[in-house]
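What follows is each chain in one-letter form.
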Amino acid sequence: MLLGNFDIEDLEVHLESPTEGGQRIDVESGAVVIECKRDLQRAGVLVEAERQLTSYLAHREGQSGLRYVGIATDGSSWRLYRLADSHEAVEEVDHFDLRTVEDEQRFRWWLGTVLATEHRLTPSAGELTARLGSGSPYLRLALAELSSLWHAGETNTTIALKRSLWEKLLRTALGTQFEGDDVLFVEHTYLVLVATLIGHAVIGYDPRKYREHPAVMLTGELFAAGEIHGVGEAGFFDWVIDIDGGEAFLERLARHVGGFIWEHVDHDVLKALYESVISPDDRHRLGEYYTPDWLAEHMVFDVVDDPLNQRVLDPSCGSGTFVFHAVRRYLDAATAAGHSTAEALGELPGHVFGLDLHPVAVVLAQVTYLLAIGLDRLAARTGPLSVPVYLGDSMRWEASDTSMMARTGAVVIPTGDGQQLFDAELSFPSGVVANEAQFDRLVADLADKAAGRARGGKRTPASQILARYALSPEDRQVIESTYKVLCDLHDDGRNHIWGFYVRNQARPAWLAMAQNRVDVLVGNPPWLSYRYMPREMQERFRTGCKQRSLWAGGRVATHQDLSGYFVARSVELYLRIGGRFGFVMPRAVLSRQQFEGFRKGSFQSPGESCFLSFERPWDLGEVDPEPFPVPSCVVLGRRSDLGSRDGLGTNGNVGLPAEAVAFTGKVKSHDSWEGAAQRLQITEHSITSFDLDDVPRSPYAVRFRQGATLVPRMIATVTDAPPSPIGVPAGRRAVQSRRTTQEKQPWKSLPTMTGAVETIFVRHIYLGESVLPYRLLPPLEGVIPHDGTRLLHGGDDRIDRYPGLADWWRRAEECWDEHKANSTTLSLLGRFDYVHNLGAQFPVAPIRVVYSKAGNRLAAAKITDRRAVIDHMLYWCVVDSEDEARYLCAVLNSETLGDLVRPYQSVGAFGPRHFDKYVWYPPTPQFDAGNERHRHLVDLAIEAEQVAAGVALPDGIGFQQARKMIRLELDHLGTTEAINTEVAELLGVGTR
């Protein structure tokens, strides 16, 4: 290693370091010990190396109180370990196999990342994620250590409270999709610590130089000393320094962060780190996808057309992508206008603001704000700087009438700890809040002095605190009352980060006052479907949408999305008349029924009316890769006043235009707009919107219904269990949970259930993936508690007639109740039989037709299995005869129907997806055995069944490929074309 050309700077390397019992560590550098062996593949060698590393790490950690890591190597295989919490063994964290010359450079990176030896690294998105994100062995070490620290301190009431507040905020921001597990809390802590250390580096404090007291970097003291406010504050994630070993962890993290040159950053690199640390599954579940820089840059340039005279707010700023480009837009304009750096930075906090309800995103955005300014400019400032990015509820879900605040001239912040975050009140005069820098200092002063008695000191009188601030007598009286409330909170033991909360909660309330509204709103609002909102949020969302004529209800109620209401509410609260807006939205806003009210642009809210004058939207549906997992667009426009004469007069609220600007082409990851513009084609096209209430429907629409919600799969589906030496009782089957790689948490981590269940309760289950065109794949099996008379549950005495089922089902109910989402009150049977979709399948009919709920192309088949139940990814209908079943299968599998249905489908990242009941908007007539065309379709369906049955499907083939093979054979034989032609005539449309 000494000859490996590693830049080890101030790290010392020791060979044969003595340790307890006369043992010697082969190589020791910093907090890394390396055990060298001749061949780790030989029997017992790796076990011996792990035993030695266990002893070395336990001894060194006991000596120093620091965390060490170990490496076992034979020169080609390198295995990275940490000491388990029991201190009785080591856990492998990562490994690297050095096999070829080509591996050498990657190995230098791997070992350099572990040792934190590399310096002067460029902080590009790629480098940052490689050294501190998912590509780095250090991330796995850091998360394992943070997890140990968390479990050591989770019973601490202050730490537990911070985690509780984190969870409440994110549940409000992300809805029922958010599950506040410890893993996510630890990952969020890591991200915030990295961002905070980067923030210190950006303002000139090298994090590596604070080894003796690294905790100072989590208190905000260094920022305060440098007169920078609103970043690096104590918050939810400073709990680390309250745990033994936390400061040592922070010191090692600082070494890694300090290896980068933070003077020059071109874009929001922290979003790349976030997307690297948080798994794709979690980000998809939470809907956390950040806007690419090329799009944010272009949007900011378009809507911020007079940066020196416009105040810009991103009300859902995330990691700060739009804030970054708005800051750069302002500073570039200031430089072009001849303003000095000091002048520009003095005015900047009054021009660019950010708000978000996600506590991690806000910390990242605050640091991104500093990155946008840059170290050179920060060094040239001559006065204090307040970073105006706030943890706040842009929607004002908890707020009372904002007009009341305008009348009283005060910003009111509740302080409760019940179901809402707060219940008492702290008041601040609007004029005091308006001065960002003074307000930040005042709040910090009040919170600090209110905690004086709790620290054992003498509490400072309010008059002494306020003497340092130029306040009117009226304002002083309000602040003195607020100080008393803060003191009472501390005396009641509720002394948690009130300064942090007050500063962040005040800004949305202040910005919502009419006199403080901004000139530009820009950003990417939260995309959250109604069905994933917590119940209380659903009620408020539905009420707010109805008041503003945004509620479509009916068949699209569950598809209503927060994004439309968020934009309407943000414009209503924060945008002045005539101000511009630009928001990234789901592409569905251009045409789908659930956004019909939004497209009209007229929102009659209880407090005041709000009218939008839309410009042509940008359609991003053909950008590759798609910026988001759901196709997107950008809506643009101004807030208008119907009574004004400013050019947005009586005709000022213009509905969304029927033409869009279409972006087409391939872009690269982390492109700037200049780079993306060279690869994109920009054209215009028409938008077709429709109202499904005006579309005639087939009589089959009311006959088909969705299958049962048979999830989680590890409870609902089973396979045969291994045979028992003593066998199973007569009439029962030994079964166990069917496990797959597609399982989600928490179910994937739970142990497999086993039992011996009466055979009558083990039924076939058909999923969406079971259905091919005109053919079925073998079904799964599952335990369905229907005894031929009714569905049974654990509290039903009747279930005890079946001991095997009773044992299985009661254990399944316990598992469900313990691990189900907090947002659901359903029992396990209530989940399976949601809206009676399971019970309605009994008694099982002899002939049913099923079709797929989702996909790019419909697949339909008939089922004659009397032991089968149907899952929610299928729609089913009882039919009177096999001929009727074949008639329906011919229609449903036809490309003609698919083309007719496609405009109604929502669109996902891989094209059109949900069919649901849209397949019955084309008016397929009821089957008539005497109708010649109907009979011809039956004959063609019989032919198609025979073709499908004759296609040899390889073992293990996926259902998508199986569907493709059958369709290709039907195409080849001309059966597809014949069916398409006949269905076109049936439905009265032209052929494909």
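Here, every reference points to the structure presented above.
What counts and what doesn't
Residues numbered from 1 in each chain as written. Predicted model: local features only at pLDDT ≥ 70, side-chain atom pairs only at ≥ 80, totals over all residues. Heavy atoms only, no water. Helix = DSSP H or I, 4+ residues; strand = E, 2+ residues; numbered from the N terminus. Expected span 1.5 Å × (residues − 1). Buried < 20%, exposed > 50% of the residue type's maximum accessible area, 1.4 Å probe, protein only. Contact = heavy atoms within 4.5 Å. Core = buried A, V, L, I, M, F, W, Y, C linked by side-chain atoms within 4.5 Å. Salt bridge = Lys/Arg side-chain N within 4 Å of Asp/Glu carboxyl O. Pairing = 2+ DSSP bridges. Axes fitted to C-alpha atoms, helices over the stretch in contact; angles between N-to-C directions.

Right, let's talk about helix α8 (residues 246-257) for a bit. Under the 1.5 Å per step criterion, the end-to-end length of α8 is 16 Å for twelve residues, consistent within 8% with the ideal 16 Å. Taking burial as the measure, the twelve residues of α8 include eleven buried ones, the bulk of the element. Listing the buried residues of α8 in full gives G246, A248, F249, L250, E251, R252, L253, A254, R255, H256 and V257. If you follow the buried residues of α8, they end up packed against α2 (103-115), α3 (125-132), α4 (137-153) and α6 (182-202).

So, on to the nonpolar core. Grouped together as the largest cluster of nonpolar side chains are 110 residues, with contacts concentrated most on Y190, W262 and L371. Here the element with the most residues in this core is α6; it accounts for 13 residues. Other than its neighbours up to four places away in sequence, W262 contacts P123, L128, I198, A201, V202, V257 and L371. M537, L573, L590 and V635 belong to the second largest nonpolar core, which has 68 residues in total.

With that out of the way, let us pick up the pattern of salt bridges. Under the counting rule described, the total for this entry stands at 44 salt bridges. When the shortest N-O distance is used, the salt bridge between R79 and E92 registers 3.1 Å. Within this pair, whereas R79 is found in strand β5 (residues 77-83), its partner E92 is found in strand β6 (residues 90-97), the two being separated by 13 residues in sequence. The exposure class assigned to E92 is partly exposed, which follows from its relative accessible area of 37%. A salt bridge links E882 to R886, with the nearest nitrogen and oxygen atoms 3.2 Å apart. Of this pair, E882 and R886 are both found in helix α29 (residues 882-893), four residues apart, which corresponds to roughly one turn of the helix. Judged by its relative accessible area of 31%, E882 falls in the partly exposed class. A single salt-bridge network, built from bridges that share partners, covers K862, E882, D883, R886, R935 and E945.

With that settled, the discussion passes to the sheet that holds strand β26 (residues 762-766). The sheet built from six strands is open, its strands ordered β25-β24-β23-β29-β26-β32 with mixed pairing. Across the chains shown, the open sheet's two edge strands, defined by having one partner strand only, are β25 (754-758) and β32 (868-870). Shown here is a sheet whose adjacent strand axes are inclined to one another by a mean of 55 degrees, direction ignored. Looking at chain direction, β26 and strand β29 (residues 780-783) are connected through four bridges and run antiparallel. Across the sheet, I765 pairs through a bridge with L780, a residue of β29. Contacting β23 (717-720), β24 (732-737), β25 and β29, helix α27 (residues 803-819) runs over the sheet at an angle of about 135 degrees to β25.

Another point: α29. Taking 1.5 Å per residue, twelve residues should reach 16 Å; α29 reaches 16 Å between its end C-alpha atoms and fits that length. α29 sits mainly inside the fold: ten of its twelve residues count as buried. For α29, the set of buried residues is E884, A885, R886, Y887, L888, C889, A890, V891, L892 and N893. Buried-residue contacts for α29 involve β30 (848-852), β31 (860-863), α30 (895-901), α31 (932-950) and α33 (975-987).

Here we come to unusual backbone geometry. In this model, D624 is joined to P625 through a cis peptide bond whose omega is 0 degrees. Its location among the elements puts P625 in the loop between β18 (618-624) and β19 (632-640). Residue P746 is reached from Q745 by a cis peptide bond, and omega for that bond is 5 degrees. Tracing the chain through its elements places P746 in the loop between β24 and β25. For Y774, which is not a glycine, the phi torsion comes out positive at approximately 65 degrees. Relative to the helices and strands, Y774 is located in the loop between β27 (771-772) and β28 (775-776). Phi is positive for D916, close to 45 degrees, though the residue is something other than glycine. Counting through the fold element by element, D916 comes out in the loop between β35 (911-912) and α31. With relative accessibility at 10%, the residue D916 sits in the buried group.

On to the sheet that holds β5. Pairing within the open sheet is mixed, and its six strands lie in the order β1-β2-β3-β4-β5-β6. Because the sheet does not close on itself, it has two edges, and the strands there are β1 (13-18) and β6. The mean angle between the axes of side-by-side strands here comes to 30 degrees, regardless of whether they run parallel or antiparallel. Here strand β4 (residues 69-73) runs beside β5; their pairing, made up of five bridges, is antiparallel. Considered in β5, the bridge of I71 is made with L80. This element, α2, spans β2 (24-29), β3 (32-36), β4, β5 and β6 of the sheet and lies at about 150 degrees to β6. Sitting on the sheet, α4 touches β4, β5 and β6, and the angle it makes with β5 is about 15 degrees.

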